[in-house]
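Chain by chain, the residues:
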Amino acid sequence: QQPVQSPQAVILREGEDAVINCSSSKALYSVHWYRQKHGEAPVFLMILLKGGEQKGHEKISASFNEKKQQSSLYLTASQLSYSGTYFCGPTPLSNTGKLIFGQGTTLQVKP
Amino acid sequence: DTAVSQTPKYLVTQMGNDKSIKCEQNLGHDTMYWYKQDSKKFLKIMFSYNNKELIINETVPNRFSPKSPDKAHLNLHINSLELGDSAVYFCASSQDLTVREQFFGPGTRLTVL
């Protein structure tokens with residue numbers, strides 16, 4: 001039931017790009033993305049809704065393929081501040097608030 | 001101003017003890033949540049409340065009992081603590097039950113010895 005994220009970890013140099021994928025075995029209504037820095041709370045990045053609507057971060061983009069039950073987070077021209085663990089949280093229903101988080105992808109951006 | 005606050009930040013206790021974690025949000029949200037994050041960073045929902053009503057109760061042992069005295073507060077009481085309860089517990093809130101961003105509190109690191 002837990003969505004699968006790939007890769008599990010990635011190391012980048014500043015300015016490089018990365019893609020994090022999230023795949024679910026269930027039909028999805030929306031996908032949330034959060035970033036958690038070490039020792040801190042998860043912070044909201046983006047919500048992608050069935051039908052194509054997106055809400056969230058201006059410098060990070062994402063896609064949501066409803067048919068394939070997949071979402072991808074695109075980090076372009078990465079900055080040191082992008083380092084952290086990224087979690088996707090699909091929701092199968094629209095009215096429960098329930099997020100089932102993936103196992104996380106750890107991103108490290110080096111100077 | 002802190003949007004979602006939790007107390008205490010750290011909790012170290014012996015097996016078998018009972019402890020509580022408190023959570024408050026000043027965002028005017030209707031929905032609050034408890035999550036458990038284990039040592040492998042797996043973040044799992046435990047409970048959610050909407051306007052003081054229990055909505056989600058995942059397969060959590062009965063030793064865990066949430067209480068929501070009003071919609072701004074959601075506390076978590078844990079009885080007979082076990083080693084496996086050691087984790088970081090996050091409280092979160094969202095405006096309502098629809099698809100909304102969730103605001104997380106700073107977390108409470110619980111260590112059971």
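First, a word on what this report is: a plain description of the structure on this page. Owing to the predicted nature of the structure, the values given are computational and were not obtained by experimental measurement.

## So, the overall build of chain B
Here is step 1: Regarding its fold elements, chain B presents zero helices and 11 strands.
Here is step 2: N-terminal to C-terminal, the α/β element order of chain B is β-β-β-β-β-β-β-β-β-β-β.
Here is step 3: Over its C-alpha atoms, taken along the principal directions, chain B stretches across nearly 35 × 30 × 25 Å.
Here is step 4: Taken over 113 residues, chain B has a buried fraction of 45%.
Here is step 5: Considering only residue pairs separated by 6 or more positions, chain B has 55% of its internal contacts joining residues 24 or more positions apart.
Here is step 6: In the form shown here, chain B has an accessible surface area of approximately 5,500 Å², with 49% of it arising from carbon and sulfur atoms.
Here is step 7: A distance of 6 Å separates the average location of the 13 positive side-chain charges in chain B from that of its 12 negative side-chain charges.

## Notes on the overall build of chain A
Here is step 1: Within chain A, the secondary structure is distributed over zero helices and 10 strands.
Here is step 2: Along the chain direction, N to C, the helices and strands of chain A fall in the order β-β-β-β-β-β-β-β-β-β.
Here is step 3: Taking 2.2 N^0.38 as the reference for a compact globule, 111 residues should give roughly 13 Å; the C-alpha atoms of chain A span a radius of gyration of 13 Å, in line with that estimate.
Here is step 4: Taking the principal axes of the C-alpha coordinates as reference, chain A spans close to 40 × 25 × 20 Å.
Here is step 5: For chain A, with 111 residues in total, the buried portion stands at 48%.
Here is step 6: Counted over contacts in chain A with a minimum sequence separation of 6, partners at least 24 positions apart contribute 55%.
Here is step 7: In the structure as shown, chain A presents an accessible area of about 5,400 Å², 50% of it carried by carbon and sulfur atoms.
Here is step 8: Each charge class in chain A was averaged separately, 11 positive and 7 negative side chains, and the resulting centres sit 9 Å apart.

## Here we look at the sheet that holds strand β8 (residues 73-78) of chain B
Residue and element names in this part refer to chain B.
Here is step 1: Read across the sheet, four strands follow the order β1-β3-β8-β7 without closing on themselves; strand pairing throughout is antiparallel. Of all strands in the sheet, those with a lone pairing partner are β1 (4-7) and β7 (64-70), marking the two edges. The sheet shows a mean angle of 20 degrees between the axes of neighbouring strands, taken without regard to direction.

## What about unusual backbone geometry?
Here is step 1: That bond from Ser6(A) to Pro7(A) is cis: its omega, -5 degrees, falls within 30 degrees of zero.
Here is step 2: Relative to the helices and strands, Pro7(A) is located in the loop between β1 (4-6) and β2 (9-13).
Here is step 3: With an omega dihedral of -5 degrees, the bond running from Thr7(B) to Pro8(B) counts as a cis peptide bond.
Here is step 4: Position of Pro8(B) relative to the elements: it lies in the loop between β1 and β2 (10-13).
Here is step 5: Even without being a glycine, Gln69(A) presents a positive backbone phi close to 55 degrees.
Here is step 6: On the secondary structure map, Gln69(A) appears in the loop between β7 (61-65) and β8 (70-75).
Here is step 7: The exposure class of Gln69(A) is buried, given its relative accessible area of 19%.
Here is step 8: Positive phi, close to 45 degrees, is recorded for Ala77(A), a residue that is not glycine.
Here is step 9: Mapped onto the elements, Ala77(A) comes out in the loop between β8 and β9 (84-91).

## Some thoughts on the pairing of β8(B)
All names here are of chain B.
Here is step 1: With burial as the criterion, only one face of β8 is covered, namely that bearing Leu74, Leu76 and Ile78; the residues His73, Asn75 and His77 on the opposite face remain uncovered.
Here is step 2: Of the pairings in the sheet, the one linking strand β3 (residues 19-25) to β8 comprises four bridges and is antiparallel in character. Each bridged residue has a counterpart across the sheet, and for Lys19 the counterpart in β8 is Ile78.
Here is step 3: Bridging between β7 and β8 involves five bridges; their strand directions are antiparallel. When the sheet's bridge partners are listed, Ser65 is paired in β8 with His77.
Here is step 4: Here β7 folds back onto β8 in antiparallel fashion, the turn holding two residues.

## Quick look at the pattern of salt bridges
Residues and elements named next belong to chain B.
Here is step 1: For the coordinates displayed, the defined rule picks out six salt bridges over all chains.
Here is step 2: Between Arg63 and Glu82 there is a salt bridge, and its shortest N-O distance comes to 3.4 Å. Of this pair, Arg63 sits in the loop between β6 (53-57) and β7 while Glu82 sits in the loop between β8 and β9 (87-94), and the two are 19 residues apart along the sequence.
Here is step 3: When the shortest N-O distance is used, the salt bridge between Asp85 and Arg63 registers 2.8 Å. One end of the pair, Asp85, is in the loop between β8 and β9; the other, Arg63, is in the loop between β6 and β7, and 22 residues separate them in sequence. Residue Asp85 shares its accessibility class with Arg63, and that shared class is buried.

Parameters and conventions
- Residues numbered from 1 in each chain as written.
- Chains lettered and ligands numbered in written order.
- Predicted model: local features only at pLDDT ≥ 70, side-chain atom pairs only at ≥ 80, totals over all residues.
- Heavy atoms only, no water.
- Helix = DSSP H or I, 4+ residues; strand = E, 2+ residues; numbered from the N terminus.
- Buried < 20%, exposed > 50% of the residue type's maximum accessible area, 1.4 Å probe, protein only.
- Contact = heavy atoms within 4.5 Å.
- Areas by Shrake-Rupley, 256 points an atom, 1.4 Å probe, with all protein chains shown as cover.
- Lys, Arg positive; Asp, Glu negative; His and termini not counted.
- Charge placed at Lys NZ, Arg CZ, Asp CG, Glu CD.
- Rg over C-alpha atoms; globule rule 2.2 N^0.38 Å.
- Pairing = 2+ DSSP bridges.
- Axes fitted to C-alpha atoms, helices over the stretch in contact; angles between N-to-C directions.
- Salt bridge = Lys/Arg side-chain N within 4 Å of Asp/Glu carboxyl O.

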